[in-house]
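Overview (structure and organization)
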Amino acid sequence: METWGRSLGVSPRDLTRWKAAATYHDALRDVDSAELDAGAVFPEATARAWPRRLLHGPACAFRLRNDGVDDRSLLHAVAYHTTGHPELDEMGEFLYLADFLDPGRHFLDDDRTRLRERLPRERLEVLMEVIGLRIEHLVRRRTTVLVETLGFWNRVVRDAGAS
Ligand SMILES: [Fe+2]
């Protein structure tokens, strides 16, 4: 996140926000999902209905907000880092990409290395590939695709001028 932010020339203040998003987004990832209170999620109206394995993002955003963080774009970035959301801004998009392309995770290693190499300059193209891979995976597993994810796909495709 920091390297991408620097290479995009984001302001020092925003770079601090990007680093904070990267630091906190997975803070609750290893907490047993049964321990995450399904009501203690951000924003309450949508995330409450999510599969438990995805709750660590909105649960973390909920805690940050309760601790006084009122940066809506940062809270959104943290909450939607695994699902995507049509209202994610550039910071949220790169957090979404950083989460999927994390070199510390091991799946689709060659594909993910090639996608990382195209960032940050081919942001929308890489986003379409990553969202596509995630949706494809969910469809193959015959599981639900959240409306936030589909909305994210539609928005990115529109931004890319692909439809
Ligand atoms: Fe995560």
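Structure shown above.
Being a predicted model, the structure only gives us computed values, none of them experimental.

The rules behind these values
- Residues numbered from 1 in each chain as written.
- Predicted model: local features only at pLDDT ≥ 70, side-chain atom pairs only at ≥ 80, totals over all residues.
- Core = buried A, V, L, I, M, F, W, Y, C linked by C-beta atoms within 7 Å.
- Buried ≥ 20, exposed ≤ 12 C-beta atoms within 10 Å, placed from the backbone.
- Contact = placed C-beta atoms within 7 Å.
- Axes fitted to C-alpha atoms, helices over the stretch in contact; angles between N-to-C directions.
- Helix = DSSP H or I, 4+ residues; strand = E, 2+ residues; numbered from the N terminus.
- Left-handed = near helix turned anticlockwise from the far one by under 90°.
- Nonpolar A, V, L, I, M, F, W, Y, C, P; charged D, E, K, R; others polar.
- Parallel < 35°, antiparallel > 145°, perpendicular 65-115°, else oblique.

1. Considerations on the nonpolar core
Membership of the largest hydrophobic core comes to 36 residues, with the highest contact counts inside it found for Met1, Ala21, Ala61, Ala77, Val78, Leu95 and Leu97. If sequence neighbours within four positions are ignored, Leu97 has contacts with Leu119, Val126, Leu127 and Val130.

2. Comments concerning the packing of helix H2 (residues 12-24) against helix H6 (residues 90-101)
In a pair of packed helices, the angle between the axes and the distance between the axes together describe the arrangement. Where H2 meets H6, the closest approach of the two axes is 10 Å, and the angle between their N-to-C directions is 35°. The crossing of H2 and H6 is right-handed. Here Arg17, Trp18, Ala21 and Ala22 of H2 lie close against H6, whose contacting residues are Met91, Leu95 and Ala98. Here the residues of the contact of H2 with H6 are counted per class, giving 6 nonpolar, no polar and 1 charged.

3. Let's talk about the environment of Leu146
You can see Leu146 is positioned in the loop between helix H8 (123-140) and helix H9 (147-159). On the basis of neighbour counts, which here come to 20 C-beta atoms within 10 Å, the residue Leu146 falls in the buried class. Along the primary structure Leu146 and Pro103 are separated by 43 residues, whereas in three dimensions their C-alpha atoms are 25 Å apart. Beyond its immediate chain neighbours, meaning those up to four positions away, Leu146 contacts Trp50 and Thr83.

4. A look at the packing of helix H5 (residues 72-79) against H6
Between H5 and H6, whose axes approach to 9 Å, the crossing angle comes to 20°. The angle between H5 and H6 places the two elements in the roughly parallel class. Judged by the twist between their axes, the crossing of H5 over H6 is right-handed. Residues Ser73, His76 and Ala77 of H5 pack against Met91, Gly92 and Leu95 of H6. Of the residues belonging to the contact of H5 with H6, the class tally is 3 nonpolar, 3 polar and no charged.

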